[in-house]
Amino acid sequence: MSKKEFFPMDGDRTKYPEIKSDGTADIDLSSHKYIKLWHGPNHPGITGNMAVELTLCGDEVVEGITHVGYLHRGFEKLMERRKYIQNFPLVCRIAVPEPDYNEYNYATCIENLTGIDVPEKGMWLRTLTLEMARLQGFLMWIGGMAGAIGFGTVGQWANYCRDLVLDRFEELTGGRIYHIYILPGGVRNDIPEGFKDRMEKNLREIEGFMKDIRRAFFDNYVFKKRSVGVGYIDPAWVFDYGIVGPNARAAGFKHDIRKNYPYAKYAELDFEITTAKDSDIYTRAFLRFEELLKDIDLIRQILDKMPEKGDHISKVSNMMNLKIPAGETYVRSECTRGEYGYYLVADGSEYPRRVNVRGPSYTHGVALLEKMLVNVNIADVAQLMVSLHTYPPEIER
Amino acid sequence: MGTLKDILSPFSVWKQVLKEPVTIKDPLNRAGSDRYRGFHQNEIDRCIGCGTCEAICENEAIDMVGVASIASKDGDSGLRPMVDYGRCCWCALCVDVCTTGSLKLSNVYTWVDTDPDNFRFIPGIDKKPWDNAEKGYVKPDNYELYPLERVSMDHLHPEERDHSFIEIMKGYSDEEALIEADRCVSCGICTATCPAHMGIPEYIKAIRNKDVEEGLRIMYETNPLPEICGRICTHKCETVCSLGHRGDPISIRWLKRYIADQVPESAYADVLRQDSVEQNDKKIAIIGAGPAGLSAAYYLRQLGYQVKIYEKLQAAGGMMRYGIPEYRLPYDQIDKDVNYILSQGVDIQYNVEVGKDISFSDLHKQYNAVYVATGLHQGRSTRIPGTDHKSVYQAIELLRKITNNEEIEVAEKIVVIGGGNVAMDITRSLARMQKEKYGKVQIIATSLEAEGKMPADLEEIVEAREENATINPGWGPREILIENDKIKGLKVVKCLDVFDAEGRFNPSFDESEEAFFEADMVVESIGQGADLGFIAPEFMEQLEKDHRGRIMVDPLTYQSTLPWLFVGGDIIEGPDVIHGVANGHKAAKGIDLFLNK
Ligand code: SF4
Ligand code: SF4
């Protein structure tokens, strides 16, 4: 068999499958040119349960259809049947690895509509948890990224580092993963004695590991060979596909909610938006790595500026009876993956009328992924998904 | 892209080879942080079974269940939270909302058990390995899910009120009532304790919903005297309110008043309108138009009976009108409640004394059932030397005369014997009259009970003092000194204790510690008794009585041993308005049961 017969793609990958007049792909399974392969719903390259139904031609993906629904959650609907306060243990589960943005957005929605104030210290503590969440989120993501292309050891180092951040979360909030720390009016608990020193110790250890991870993973011929030029996001897609966060910044877009629409205490922190140009898997990965290092700096800044005294939460009316006058609000914050938004509609009752959660995973993990999968090599599907940094639970909210 | 550096760089981390590989720490050997949200602990004696934890749990992981070793009592439902670890997410909202602060999460978070049933357990009752763990999540001090401070009510200041009988408490504004009503956690501990079992969380919720008319309807289901009770109820409900454990109890009484105040009398008929009641021709006589008589009349009318009240005095209300001074309970508010009851078709005859103007046996002949609710209107005397002097009065008789606008003696210096609410009522009433007459107040109230143990409500004592009355408790009266037929004062000795070791009323004194309270007039207010002389002997004989001679009734129907005779009000329990309201309602149902047999 000649090479030409074995790889019938003719070098030009965009030719297959042919597009029919109605715009759909002409995939004739009986032609034996294509096979179907399910990637997921349980697959190590996926954070959470989600499936991609791949159609392969040789080792090349010609079509990828995303299938969500394995988590059976329906958070938004559930929230309509719970009192406002009762939704806090729920929202943190929408993006499992990053509960804090959900807590922050949801609490801020309530505050916007009721006029509840947050004391200075409460706001600093919120900012602290938001940056700690980013740090551990990126660390976990490094684990996923490295793991997706076989760098398991790097993944373990990163997860060890994440565990150090979780130790601090546990100390501060009483929970490692689900913090349920941000409530209307502030945060639930004050910062414990000596927290800053323990955090500093952890940050130093993490920095040490990051040096090694940079050498072993980012300055690595194999990783570069696999990721440079692969998984390109055309800057032209950014608006059409609602691409945000590192995925957009790596395509040259200088957009970060923390800077563009400063919230919490970000206006008082010194940092710049990280951007890059090449917009491939490597660029996105490295950009996240750089943001991770900036996070470490931000956490230090926050702890330096943390007021010694002051309330962490303001006095609120009875949360068991909270009714919110009819109205609506949208609150956004920058999570590890970009703009995270909560749109809350209140109808004057004790229950939210509608909560819409705008997580970046929805656009990145469904529409964008389906577009990018076409003509990708089967071996790159996992790393492509991870490079978009999506959380399936957040798609199924 | 690929440089030689990229090939060599990964090897530079070789030192990691020498490190012990660590991903996450071994959870079996790692203690949870100091505020870790681990497994539940409940201080079982502190918990009151209010069920607020159950109400907030979004996962329905808590069920309130009965516990064999805990009996329900006032202020404690007797239930305790059972947690289901198949549902719990360890959010600790239950801990934050716990009204008593009994609930905590320990920092223990590992537990292996082979029996799935063990994962549903009652913390504090079912023994668990972490019961004695000291660390874990407790609600931080400076954070609350609901306000603990009560909204205070605007009132007349001492200098504005010490010379007049104008009502002191001004009532809540809409905004104040909303804020106060918002504090309620709807646990219902109050409902269980209220003698009338009023739907308290429900009418408070009606305030939150800005629907006072609904609130009024809810109140009338169990209490047809809301204006009155909203002012002077002994509010047992507030004493047990779960919020009182860590903060101020909800101002249940003032909220009740707020609802009734908001609905004008002219709107009552419309608001409380109900589907027409089927009338019957059975007739009930009620003796006494006090709280019990009025309540029984109202609920009997709801059941279609023909009701007639016989009242000895000129107006309805009993002690509410003739005992409680106007600055606490204005007469127009009594009228508002009474008028609505009478408007339901209750027949009432004033100035009729049963036993004198109409005989008891006539009532028995003319009516299918008789309800006696004549209350306690006979003042008791200390019987110390000097009490037969003409300037020694019974508080209850003076209060009645004040209501009737009759002339009474107001001396320059007065001593009141007694430490209950009636003693405070007469002290404060006379103080006002002294202030008007002499421009100054010289009145001393003294009681056996020491400071802090007086039966009067604390606010009564505080306000009496604000009005310049002297409250000097802890003394036993010995003699009223009389010289030249004029009272000189009251001789007292120190009272050590009112009760003996068995808890019986048996005061002990230190005779060596004497005091003398100068006075020209003495008022006795040491309690009241019932005057049941109107019940003809042939009936009295047939009534079963307890060892102290009090008539015994069925505790649910208030039926006496004469099946057609029902007895209630202060004669049976209390004495206070709400017990009367409650037993009047029960007697109405009891009479209905008896006549429909
Ligand atoms: S910790 Fe949360 S989920 Fe568990 S019982 Fe308490 S309120 Fe319910
Ligand atoms: S909220 Fe507290 S006091 Fe009330 S039942 Fe629960 S544990 Fe007991």
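Moving on, we come to the overall build of chain B. Per the secondary structure count, chain B includes 21 helices and 21 strands. Seen through its C-alpha atoms, chain B measures out along the principal axes to roughly 120 × 65 × 50 Å. Split into buried and exposed, the 597 residues of chain B put 56% on the buried side. Accessible surface, chain B: about 26900 Å² in total, of which carbon and sulfur atoms supply 50%. Where the 67 positive side-chain charges of chain B centre and where its 95 negative ones centre are 2 Å apart.

Right, let's get into the overall build of chain A. Helix and strand content of chain A: 15 helices and eight strands. Taken over the C-alpha trace, chain A has a radius of gyration of 22 Å; the compact-globule value for 397 residues is 21 Å, and the two agree within 12%. With the C-alpha coordinates of chain A rotated into their principal frame, the extents come out at 75 × 50 × 35 Å. Here chain A holds 397 residues, and 60% of them are scored as buried.

On to the side chain of glutamate 58 of chain B. Along the polypeptide, glutamate 58 of chain B turns up in the loop between helix H2 (52-56) and strand S2 (62-66). Of the side chains with opposite charge, arginine 93 of chain A comes closest to the buried, unpaired glutamate 58 of chain B, at an N-O distance of 6.3 Å. Apart from the residues within four sequence positions on either side, glutamate 58 of chain B is in contact with Arg82, Gln86 and Pro89 of chain A together with Cys89, Cys91 and Leu93 of chain B.

Before going further, it helps to examine the site of ligand 2. Residues in contact with ligand 2 amount to 14 residues; listed here are only the nearest, Cys47, Cys50, Gly51, Cys53 and Cys98 of chain B. For the shell around ligand 2, the class distribution of residues is eight nonpolar, six polar and no charged.

Residues and elements named next belong to chain A. What the three strands build is an open sheet, ordered S1-S2-S3; its pairing is antiparallel. At either end of the open sheet lies a strand with only one pairing partner, and these are strand S1 (35-39) and strand S3 (60-67). Pairs of neighbouring strands in the sheet enclose a mean axial angle of 25°, with direction left out of account. Relative to strand S2 (residues 51-57), S1 runs antiparallel, the two sharing five bridges. Each bridged residue has a counterpart across the sheet, and for tryptophan 38 the counterpart in S2 is glutamate 53. On top of the sheet, helix H13 (residues 360-373) reaches S2 and S3; it is set at about 165° to S3, its chief contact.

Moving on, we get to the pattern of salt bridges. Counted under the stated rule, the structure contains 77 salt bridges over all chains. Here lysine 265 of chain A ties to glutamate 120 of chain A by a salt bridge, and the two come within 3.1 Å at their closest N and O atoms. A residue pair is termed long-range when its members are at least 10 positions apart, and lysine 265 of chain A in the loop between helix H11 (257-260) and helix H12 (281-305) and glutamate 120 of chain A in helix H5 (residues 120-148) qualify at 145 residues. Judged by relative accessible area, which is 44%, glutamate 120 of chain A ranks as partly exposed. Residue lysine 491 of chain B is joined to glutamate 479 of chain B by a salt bridge in which the shortest nitrogen-to-oxygen separation is 3.9 Å. One end of the pair, lysine 491 of chain B, is in strand S17 (residues 486-499); the other, glutamate 479 of chain B, is in strand S16 (residues 475-483), and 12 residues separate them in sequence.

Once that is clear, we can look at helix H5 (residues 174-182) of chain B. All buried positions along H5 of chain B are accounted for by Ala177, Glu180, Ala181 and Asp182 of chain B. Contacts made by the buried residues of H5 of chain B are with helix H7 (200-208) and helix H11 (252-262) of chain B.

Turning to the sheet that holds strand S4 (residues 103-106) of chain B, a few remarks are in order. All names here are of chain B. Judged by pairing direction, the sheet is antiparallel, and its three strands sit side by side in the order S1-S4-S6 without closing on themselves. Edge strands, defined here as strands with exactly one partner in the open sheet, are strand S1 (40-42) and strand S6 (136-137). Here S1 runs beside S4; their pairing, made up of three bridges, is antiparallel. Each bridged residue has a counterpart across the sheet, and for histidine 40 the counterpart in S4 is leucine 105.

Quick look at empty space enclosed by the protein now. All names here are of chain B. Scanning the entire structure with this criterion turns up six cavities of 30 Å³ or more. Every residue lining the largest cavity is counted, 15 residues in all, and those nearest its centre are Cys184, Cys187, Cys190, Cys241 and Ile250. At the level of elements, helix H6 (189-193) and H7 are the ones that each hand at least two residues to the lining of the largest cavity. The leading source of residues in the lining of the largest cavity is H7, at three residues.

Residues and elements named next belong to chain A. Splitting chain A by domain gives domain 1 (1-71 + 359-397) and domain 2 (96-358). Once you take the C-alpha centre of each, domain 1 and domain 2 turn out to be 29 Å apart. Facing 22 residues of domain 1, the contacting portion of domain 2 comprises 35 residues. If you sort the residues of domain 1 by the area they bury against domain 2, Gln383, His389 and Tyr391 come out on top, with a joint share of 26%. Counting across the interface, domain 1 meets domain 2 through two salt bridges. Arginine 226 is the partner of aspartate 380 in a salt bridge, and the nearest nitrogen-oxygen pair spans 3.0 Å. Applying the counting rule to domain 1 against domain 2 returns 13 residue pairs in polar contact (both at pLDDT 80 or more). Residue assignment for the side of domain 1 that touches domain 2 shows that the elements contributing at least two residues are H13, helix H14 (381-388) and helix H15 (392-395). Broken down by element, the residue count for the side of domain 1 that touches domain 2 peaks at eight residues, all from H13. A breakdown of the residues in the side of domain 1 that touches domain 2 according to their chemical character gives 11 nonpolar, seven polar and four charged.

Moving on: H13 of chain A. All names here are of chain A. Within H13, the axis deviates most sharply at alanine 367, by approximately 30°. Where H13 is concerned, the buried positions are Pro360, Ser361, Thr363, His364, Gly365, Leu368, Leu369, Met372 and Leu373. Within two residues after H13, asparagine 375 carries a phi angle of roughly 75°, on the positive side.

What follows is about the site of ligand 1. Of all residues adjacent to ligand 1, which total 13 residues, the nearest are Cys57, Cys88, Cys91, Ala92 and Cys94 of chain B. In terms of residue class, the shell around ligand 1 is made up of 10 nonpolar, two polar and one charged.

This next bit is on the side chain of arginine 231 of chain B. Residues and elements named next belong to chain B. On the secondary structure map, arginine 231 appears in helix H9 (residues 226-232). Taking relative accessible area as the criterion, arginine 231 reaches 5% and is therefore assigned buried. Here the side chain of arginine 231 touches glutamate 167 through a polar contact of 2.7 Å, side chain to side chain. If we ignore the near neighbours within four places in the chain, the residues touching arginine 231 are Glu167, Arg253, Trp254, Arg257, Asp261, Arg328, Leu329, Pro330 and Gln333.

Here the residue pair glycine 40 of chain A and proline 41 of chain A is connected by a cis peptide bond, since its omega of 10° sits within 30 degrees of zero. Topologically, proline 41 of chain A is positioned in the loop between S1 and S2. For lysine 210 of chain B, which is not a glycine, the phi torsion comes out positive at approximately 55°. Position of lysine 210 of chain B among the secondary structure elements: in the loop between H7 and helix H8 (212-222).

Procedures and definitions
- Residues numbered from 1 in each chain as written.
- Chains lettered and ligands numbered in written order.
- Predicted model: local features only at pLDDT ≥ 70, side-chain atom pairs only at ≥ 80, totals over all residues.
- Heavy atoms only, no water.
- Helix = DSSP H or I, 4+ residues; strand = E, 2+ residues; numbered from the N terminus.
- Buried < 20%, exposed > 50% of the residue type's maximum accessible area, 1.4 Å probe, protein only.
- Areas by Shrake-Rupley, 256 points an atom, 1.4 Å probe, with all protein chains shown as cover.
- Lys, Arg positive; Asp, Glu negative; His and termini not counted.
- Charge placed at Lys NZ, Arg CZ, Asp CG, Glu CD.
- Rg over C-alpha atoms; globule rule 2.2 N^0.38 Å.
- Salt bridge = Lys/Arg side-chain N within 4 Å of Asp/Glu carboxyl O.
- Contact = heavy atoms within 4.5 Å.
- Near = heavy atom within 4 Å.
- Nonpolar A, V, L, I, M, F, W, Y, C, P; charged D, E, K, R; others polar.
- Pairing = 2+ DSSP bridges.
- Axes fitted to C-alpha atoms, helices over the stretch in contact; angles between N-to-C directions.
- 1 Å grid on protein atoms, 1.4 Å probe; cavity = no way out; pocket = protein on both sides within 12 Å on 5 of 7 lines; lining within 4 Å.
- Points joined across faces, edges and corners; volume = space filled by probe spheres on them.
- Domains from an automatic or database assignment.
- Buried area = accessible area lost by both parts, 1.4 Å probe.
- Polar contact = N/O pair within 3.5 Å; in protein donor to acceptor, adjacent residues only side chain to side chain.
- Bend = angle between axes of the 7 residues up to and from the residue.

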